[in-house]
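Observations on the three-dimensional arrangement
The chain contents come next:
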Amino acid sequence: MSDVYHLTRVAFEQIVAQARSGFPFEICGFVGGPQTGSGLTIRPATNISSHPRDAYDIAPEETLAVLLEFESKGSKITGVYHSHPNYPARPSQVDLRLADMPNVCYLIIGVQARGPRLEFDLRAYRISQQKAYEVQIELTD
């Protein structure tokens, strides 16, 4: 696995826009690309958590539908993203425990309310055996 995750600027901007519109709730979704370490497109998902201000959950049937959708386009799930409203962009203990997709990058966007404006910090991690390893995000055109 690479220690760099290549993400298109368009996908980055879409994640930020979704985090902005979903604040103060956690948003989530998938990133698709042709290979591990490459994120070209995003597919927002529905957060079905009963505590959406501080947790996210994606229905298994939605995950399967996105997997099939990406595969039909010659792509695969290379990333899973979610936001942390008013919390740093690092995996929580729950994130570490629930990370169950091998070979994907987990992207977390921290959203901090600073008065009337929001600040965003997107970071990426590989998570294995409940340990997180930060990887660099490289934005591409």
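Below: a short report on this structure. Keep in mind the model is a prediction, meaning the values are calculated, not measured.

So, about the overall build of the protein. Secondary structure assignment for the protein yields three helices and eight strands. Along the protein, from the amino end to the carboxyl end, the secondary structure elements read β-α-β-β-β-α-β-α-β-β-β. A compact globule built from 141 residues should have a C-alpha radius of gyration of about 14 Å, and the protein, at 14 Å, falls within 12% of that. Each of the three principal axes of the protein carries a C-alpha extent, and together these read 45 × 30 × 25 Å. A total of 141 residues make up the protein; the buried ones form 43% of that total.

This brings us to the layout of surface pockets. Approximately 500 Å³ is the volume found for the largest pocket. As for the largest pocket, its lining consists of 23 residues, and the residues nearest its centre are Tyr56, Asp57, Ile58, Asp95 and Leu98. Every element with two or more residues in the lining of the largest pocket is listed here: β5 (76-85) and α3 (93-98). Per-element tally for the lining of the largest pocket: the top contributor is β5, with four residues. Residue composition of the lining of the largest pocket, grouped by class: twelve nonpolar, five polar and six charged.

Before going further, it helps to examine helix α1 (residues 9-22). Along its 14 residues, α1 runs 20 Å from first to last C-alpha, staying within 8% of the 20 Å computed at 1.5 Å per residue. Looking at α1, one finds that the buried residues are Ala11, Ile15, Val16, Gln18, Ala19 and Gly22. On an axial view of α1, the arc spanned by its buried residues comes to 160 degrees, and they lie on one face. In α1, those exposed residues whose orientation departs by more than 90 degrees from the buried face are Val10, Glu13 and Ser21. The inward-facing, buried residues of α1 contact β1 (4-8), β2 (28-33), β4 (41-45), β5, β6 (105-114) and β7 (117-128).

Our next topic: the nonpolar core. In terms of nonpolar packing, the biggest core is built from 17 residues, with Tyr5, Leu7, Val31, Tyr81 and Leu107 touching the most fellow members. Mapped onto this core, the elements with two or more residues apiece are β1, α1, β6 and β7. With residues up to four places along the chain from it excluded, the contact list for Leu107 reads Tyr5, Leu7, Val31, Gly79, Val80, Tyr81, His82, Leu122, Arg123, Ala124 and Ile137.

Attention shifts here to the pattern of salt bridges. For the structure on display, the rule yields eight salt bridges. Residue Glu119 pairs with Arg114 through a salt bridge whose shortest N-O separation is 3.3 Å. Taking relative accessible area as the criterion, Glu119 reaches 30% and is therefore assigned partly exposed. Arg114 gets classed as partly exposed once you look at its relative accessible area, which sits at 40%. Ionic pairing is found between Arg123 and Glu134, a salt bridge with its closest N-O pair at 3.0 Å. With a gap of eleven residues between them, Arg123 in strand β7 and Glu134 in strand β8 (residues 131-140) connect regions that are remote in the sequence. Because the salt bridges share partners, they merge into one network encompassing Arg43, Glu62, Glu69 and Lys73.

Parameters and conventions
Residues numbered from 1 in each chain as written. Predicted model: local features only at pLDDT ≥ 70, side-chain atom pairs only at ≥ 80, totals over all residues. Heavy atoms only, no water. Helix = DSSP H or I, 4+ residues; strand = E, 2+ residues; numbered from the N terminus. Rg over C-alpha atoms; globule rule 2.2 N^0.38 Å. Buried < 20%, exposed > 50% of the residue type's maximum accessible area, 1.4 Å probe, protein only. 1 Å grid on protein atoms, 1.4 Å probe; cavity = no way out; pocket = protein on both sides within 12 Å on 5 of 7 lines; lining within 4 Å. Points joined across faces, edges and corners; volume = space filled by probe spheres on them. Nonpolar A, V, L, I, M, F, W, Y, C, P; charged D, E, K, R; others polar. Expected span 1.5 Å × (residues − 1). Arc of directions from axis to C-beta. Contact = heavy atoms within 4.5 Å. Core = buried A, V, L, I, M, F, W, Y, C linked by side-chain atoms within 4.5 Å. Salt bridge = Lys/Arg side-chain N within 4 Å of Asp/Glu carboxyl O.

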